[in-house]
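Coordinate inspection notes
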Amino acid sequence: MIIVEREHSYFMVTQNDHAKIAGDIARNCKDDYFFDLTRTQEVQLAIQEHDRGWIDLDTSPVWNDKTEKPYSFIDYPIVLKISFYKKGLNEVEKMSKYAGLLCSLHYSSFIQDPTEPEVREFLNEEKQRQEQLLKELQIVGNEKMNETLMYHLDLLKFCDYLSLYICLNEPGDNKKIHPFFQNGFPQLFPFVADKPIVAHWKNQETVSLSLSPLKGELEVELPFWAVSKDQIEKLGILDAYKDTPVTIWKIAFK
């Protein structure tokens, strides 16, 4: 769950809803920016489905007694979530081996401190998955295909970050930017001369990009729950979440 604390409530977005928006972004990127057009649909699939492992987890938000806030995707206990990561990756691989490889590389890249035995086991298993898929897809030893794979991985991460941008930053406020985006998006692309792409709120419904890879203006719909702190105190996080109606927020990328 993606969670932003506000004065009287928690702004909550499921990971899968966020991933669907990342998929919308990917489907609206200019065709030329996929390089290998034979893989376009599989790359788009990977981007849309990269957070499948969170679907079950996000049905029941959990309270963190230590921080006295709901657990978010950032601080959710790693040992508990890696089994769901694996489930999601297995499901994506069944849909597409190339998409499964991209998602596996994505998850392996952001687990930086594998101190827990379960995490080390997960990383070892994903390394094995990657090696097997690289062989099956005949990418091993093919420098051009490997470069394209790494480019597609950056495209996945960019779409992920752009979707996260609207989830983690207060709409219309460019003064308080989440640390993820302080220096623009970390992915560098040749079509922007390897300079960071920077996002900026034009107003509460519009985000502009310093250089957009999109075909044109894109409007997305973000479902969210504004869960009242008073309701959480009365009912607990799970019942308060379930009693909160979903709101649809329309946002345009330009």
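Residues numbered from 1 in each chain as written. Predicted model: local features only at pLDDT ≥ 70, side-chain atom pairs only at ≥ 80, totals over all residues. Heavy atoms only, no water.

A word on the pattern of salt bridges
- Applying the stated criterion across every chain, the model contains 16 salt bridges.
- Between Asp24 and Arg27 there is a salt bridge, and its shortest N-O distance comes to 2.6 Å. With Asp24 and Arg27 both in helix H1 (residues 15-27) and 3 residues apart, this pair spans about one turn of that helix.
- With relative accessibility at 34%, the residue Arg27 sits in the partly exposed group.
- For Lys215, the salt bridge goes to Asp31, with nearest N and O atoms at 3.7 Å. Here Lys215 is found in the loop between strand S6 (206-209) and strand S7 (218-228), whereas its partner Asp31 is found in the loop between H1 and helix H2 (40-49), with 184 residues between them in sequence.
- On the basis of relative accessibility, which here comes to 43%, the residue Asp31 falls in the partly exposed class.
- Within the structure, one salt-bridge network assembled from shared partners comprises Glu49, Arg52, Asp56, Lys87 and Glu91. (Salt bridge = Lys/Arg side-chain N within 4 Å of Asp/Glu carboxyl O. Helix = DSSP H or I, 4+ residues; strand = E, 2+ residues; numbered from the N terminus. Buried < 20%, exposed > 50% of the residue type's maximum accessible area, 1.4 Å probe, protein only.)

Details of the layout of surface pockets
- What the largest pocket holds in volume is close to 560 Å³.
- The wall of the largest pocket is formed by 23 residues, among which Phe73, Ile74, Tyr85, Phe110 and Phe180 lie closest to the centre.
- Those elements that provide at least two residues to the lining of the largest pocket are H1, helix H4 (78-95), helix H5 (97-110) and helix H7 (143-168).
- Its volume calculated, the second largest pocket comes out at about 290 Å³.
- Lining the second largest pocket are 13 residues, with Ile3, Val4, Glu5, Lys69 and Ser72 positioned closest to its centre.
- Residue assignment for the lining of the second largest pocket shows that the elements contributing at least two residues are strand S1 (2-5) and strand S4 (69-70).
- Per element, the largest residue contribution to the lining of the second largest pocket is 3 residues, and it comes from S1.
- Residues of the lining of the second largest pocket, tallied by class, amount to 7 nonpolar, 3 polar and 3 charged. (1 Å grid on protein atoms, 1.4 Å probe; cavity = no way out; pocket = protein on both sides within 12 Å on 5 of 7 lines; lining within 4 Å. Points joined across faces, edges and corners; volume = space filled by probe spheres on them. Nonpolar A, V, L, I, M, F, W, Y, C, P; charged D, E, K, R; others polar.)

Here's the deal with the packing of H5 against H7
- It is the contact of H5 with H7, at a shortest axis distance of 10 Å, that shows an interaxial angle of 65°. The orientation of H5 with respect to H7, classified from their angle, is roughly perpendicular. Note that H5 runs across H7; the crossing there is right-handed. Seen from H5, the contacting residues are Tyr98, Leu101, Leu102, Cys103, Leu105, His106 and Ser109; seen from H7, they are Thr148, Leu149, Met150, His152, Leu153, Leu156, Lys157 and Asp160. (Axes fitted to C-alpha atoms, helices over the stretch in contact; angles between N-to-C directions. Parallel < 35°, antiparallel > 145°, perpendicular 65-115°, else oblique. Left-handed = near helix turned anticlockwise from the far one by under 90°. Contact = heavy atoms within 4.5 Å.)

Side note on H5
- With 14 residues, H5 extends 21 Å between its outermost C-alpha atoms, agreeing within 8% with the 20 Å of an ideal straight helix rising 1.5 Å per residue.
- Along H5, 10 of the 14 residues are buried, which leaves the element largely enclosed by surrounding structure.
- Residues of H5 that are buried: Tyr98, Ala99, Gly100, Leu101, Leu102, Cys103, Ser104, Leu105, His106 and Tyr107.
- Contacts made by the buried residues of H5 are with H2, helix H3 (54-57), H4, helix H6 (117-136) and H7. (Expected span 1.5 Å × (residues − 1).)

Looking at the pairing of strand S8 (residues 247-253)
- Note that S6 and S8 share 2 bridges and pair parallel. Across the sheet, the residue bridging to Thr206 is Ala252, located in S8.
- As defined by bridge partners, S7 adjoins S8 across 7 bridges and the pair is classed as antiparallel. Bridging across to S8, Glu221 finds its partner in Lys250. (Pairing = 2+ DSSP bridges.)

As for unusual backbone geometry
- Backbone geometry places Phe35, a non-glycine residue, at a positive phi of 60°.
- Note on placement: Phe35 falls in the loop between H1 and H2.
- For Phe35, a relative accessible area of 49% gives the class partly exposed.

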